[in-house]
Every structure is written in C-alpha cells, then in structure tokens.
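The lines below spell out each chain.
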Amino acid sequence: MTLRILSGGAAHALVSRLAPLFKTRTGHDVEGTFGAVGAMRDKLLAGEPADLLILTSALIGELVRTGRVLADSVADVGAVRTGVAVRQSDAFPRVTSAGDLRRLLQSASEIFVPDTALSTAGIHVRTVLDGLQIASEVASRLRQFPNGATAMKALAAATSPSPIGITQRTEILGTPGVAYVAALPDEHALATVYTAAISTRANLPREAGTLIALLTGAEGESARAAAGFEPTE
C-alpha cells in the first residue's frame, strides 16, 4: 500500500528527501498532493483519502477540533520563513527594510506568488502589498499560481527583464533555476509553523506515525535544515 499525504507545498522537498528512508523502514511508498494549505484542507473535508496531513499549525488545530485528525499524533515539523527569490542568473537585490521591499516590488517587471486567497505565503503577500500601499500599483504585474512551487518554476522560466518571486523559503530552495535572496524584512516578516498529524480515516496510521517521527525527530534534522525549515521556539 501507499501512504497518502495532503500537505502544504512548503513540505514537498522535505518529504521527498525522507521518502527513501521511509520506504526502507516500512516497505511503503509515499504519494503526496502538495499545494496551498487551504486547498489541501478543503480536499480532506471533501472526502479525499489521506493518511497524513502536513499543514499550518492553525489548520491542524482546526482539524483536531472538528475530529478530522488524531490529537495525540500532532507534532510540529518546523518553521518556514517567507522570502524573496530571483532567477539564478540575476543579481541579488537589497531587501533589508520595508523601503527596500517597496522599491523592489515597484520596479519588478513581474511578481510571481502563490494563490493570494488560499496559500499561506500568498495571503501574506496580499497583506504586505496593502501595508505598503502599492497593491493597485503592482496588480497588473502580479502573477498568481496554485502554490509556491509552480510560482517559482514560472519565475525560473520568466523572460522579462527584472522578475522576482515571493513565497516560502522551502519552495524557493526546492526549485532549480531560482535563488533565495532573503527573508522579508522585519516589518513584514512571516515565519509559519508547519505541523503533521494523522487522519482519523487513515488506512496506514502506524506507518503515518513512522513518517511523522522522521519528519520531526533527530534523524530528519539535517533534511529539515537543507529543505529550509527552522526549529520552532
């Protein structure tokens, strides 16, 4: 049997790194659907089968309260910062203050972001643009995609003169052709805690627990760091 995962895109690279070890331990493959966390929650609520969920801490808490995941299985994977990306060949812009970020967004030929209604980073981008009072100014250059990974792939292929991307660090690091510049400046920073839990309808609950142990324990520490996760405080 295959272990089925519904997960935020932020955890895609980490799961891929640990899947071979998981198969060695259990004999099972991993099949994941990765995307905007709101969309993944909606898939679960609509009846899509899943053994394991990896979503924001807030959404896992909501699923615990509604009896969709096992409360005693909940474990934090780590925190992920939202940051700025450029194409691999482009110079790194300065992004150390709100003013820097505002000027960068105003000068960008295109701005590649995940869904601003359903994804964690995309919702935050919308808030940042409103806070900087440039939402209307840059609207025609905003390029939205279902998740950060697809947004970063599009950034890597962009041909306009000065495109940038904003999404979670894990999705930037996991995409060939783009480079992580820096986290958003303190005034607009976002570090999102991702949490794993076993579905109450899991077909492979024991194996899901094994994967959670790999995702959150000492064995997965180097994989988490390489993927862009930071320890939770």
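Not measured: the values here are computed from a predicted model. (Residues numbered from 1 in each chain as written. Predicted model: local features only at pLDDT ≥ 70, side-chain atom pairs only at ≥ 80, totals over all residues. Heavy atoms only, no water.)

Draft legend 1. Main features of the overall build of the chain. In terms of regular secondary structure, the chain is built from 10 helices and nine strands. In terms of overall dimensions, the chain is globule-like: its C-alpha atoms have a radius of gyration of 18 Å, near the 17 Å expected for 233 residues. Projected onto its principal axes, the C-alpha positions of the chain cover 50 × 35 × 30 Å. Out of the 233 residues in the chain, the part that is buried amounts to 50%. Across the chain, the fraction of contacts at a sequence separation of at least 24, relative to all contacts at a separation of at least 6, is 79%. Carbon together with sulfur atoms contributes 50% to the accessible area of the chain, which is approximately 10100 Å² in total. With 21 positive and 22 negative side-chain charges, the chain shows a separation of 3 Å between the mean positions of the two kinds. (Helix = DSSP H or I, 4+ residues; strand = E, 2+ residues; numbered from the N terminus. Rg over C-alpha atoms; globule rule 2.2 N^0.38 Å. Buried < 20%, exposed > 50% of the residue type's maximum accessible area, 1.4 Å probe, protein only. Contact = heavy atoms within 4.5 Å. Areas by Shrake-Rupley, 256 points an atom, 1.4 Å probe, with all protein chains shown as cover. Lys, Arg positive; Asp, Glu negative; His and termini not counted. Charge placed at Lys NZ, Arg CZ, Asp CG, Glu CD.)

Draft legend 2. Seen up close, the pairing of strand S5 (residues 111–114). With burial as the criterion, each face of S5 is covered, one bearing Ile111 and Val113 and the other bearing Phe112 and Pro114. The sheet contact formed by S5 and strand S7 (residues 164–168) spans two bridges and is parallel. Residue pairing for S7: Phe112 is matched across the bridge by Gly165. (Pairing = 2+ DSSP bridges.)

Draft legend 3. Summary view of unusual backbone geometry. Phi is positive for Gln133, which is not a glycine, with a value near 60 degrees. Relative to the helices and strands, Gln133 is located in the loop between helix H5 (120–131) and helix H6 (135–138).

Draft legend 4. Structural context of the pattern of salt bridges. In total, this model carries 12 salt bridges according to the counting rule given. For the salt bridge of Glu62 with Arg41, the shortest nitrogen-to-oxygen distance reads 4.0 Å. Of this pair, Glu62 sits in helix H3 (residues 57–65) while Arg41 sits in helix H2 (residues 37–45), and the two are 21 residues apart along the sequence. For Glu62, a relative accessible area of 27% corresponds to the partly exposed category. Asp100 serves as the salt-bridge partner of Arg94, at 3.3 Å between the closest nitrogen and oxygen. Judged by relative accessible area, which is 60%, Arg94 ranks as exposed. (Salt bridge = Lys/Arg side-chain N within 4 Å of Asp/Glu carboxyl O.)

Draft legend 5. Here's a closer look at the packing of helix H1 (residues 12–26) against helix H9 (residues 205–216). Relative to each other, H1 and H9 sit at 130 degrees, their axes nearing to 10 Å. Here H9 runs oblique to H1, going by the angle between their axes. Crossing angle aside, the handedness with which H1 passes H9 is right-handed. Two secondary-structure elements touch here, H1 through Leu14, Val15, Leu18, Leu21, Phe22, Arg25 and Thr26 and H9 through Glu207, Thr210, Leu211, Leu214 and Leu215. Residues that form the contact of H1 with H9 fall into these classes: eight nonpolar, two polar and two charged. (Axes fitted to C-alpha atoms, helices over the stretch in contact; angles between N-to-C directions. Parallel < 35°, antiparallel > 145°, perpendicular 65-115°, else oblique. Left-handed = near helix turned anticlockwise from the far one by under 90°. Nonpolar A, V, L, I, M, F, W, Y, C, P; charged D, E, K, R; others polar.)

Draft legend 6. The arrangement of the nonpolar core in detail. Counting 39 residues, the largest nonpolar core has Leu52, Leu53, Ile54 and Leu215 as its most contacted members. Ranked by residues supplied to this core, first place goes to H9 with five residues. Residues in contact with Leu53, not counting those within four places in the same chain, are Leu6, Leu44, Ile60, Leu63, Val69, Thr195, Ala196, Ala197 and Ser199. Counting 21 residues, the second-largest nonpolar core is a separate cluster that includes Ile111, Ile164, Val181 and Leu184. (Core = buried A, V, L, I, M, F, W, Y, C linked by side-chain atoms within 4.5 Å.)

Draft legend 7. Main features of the packing of aromatic side chains. For the structure shown, the criterion picks out two aromatic pairs. Taken together, a centroid distance of 6.0 Å and an interplanar angle of 20 degrees make the contact between Phe112 and Phe145 stacked. Placement of the pair is Phe112 in strand S5 and Phe145 in strand S6 (residues 142–145), with a sequence separation of 33 residues. A relative accessible area of 4% means that Phe112 is categorised as buried. Ring plane angle 85 degrees and centroid distance 6.5 Å describe the contact between Tyr194 and Phe229, whose orientation is recorded as edge-to-face. Linking Tyr194 in strand S9 (residues 191–198) with Phe229 in the segment after helix H10 (221–227), this pair joins segments that are 35 residues apart in sequence. (Phe/Tyr/Trp six-rings, centres within 6.5 Å; stacked < 30°, edge-to-face > 60°.)

Draft legend 8. Just the packing of H2 against H3, in detail. Viewed as axis vectors pointing N to C, H2 and H3 meet at an angle of 20 degrees, and their least axial separation amounts to 10 Å. Judged by the inter-axis angle, H2 sits roughly parallel to H3. Handedness of the crossing formed by H2 with H3: right-handed. Between H2 and H3, the residues in contact are Val37, Gly38, Arg41, Leu44 and Leu45 and Leu59, Glu62 and Leu63, respectively. Taken together, the residues of the contact of H2 with H3 sort by class into five nonpolar, one polar and two charged.

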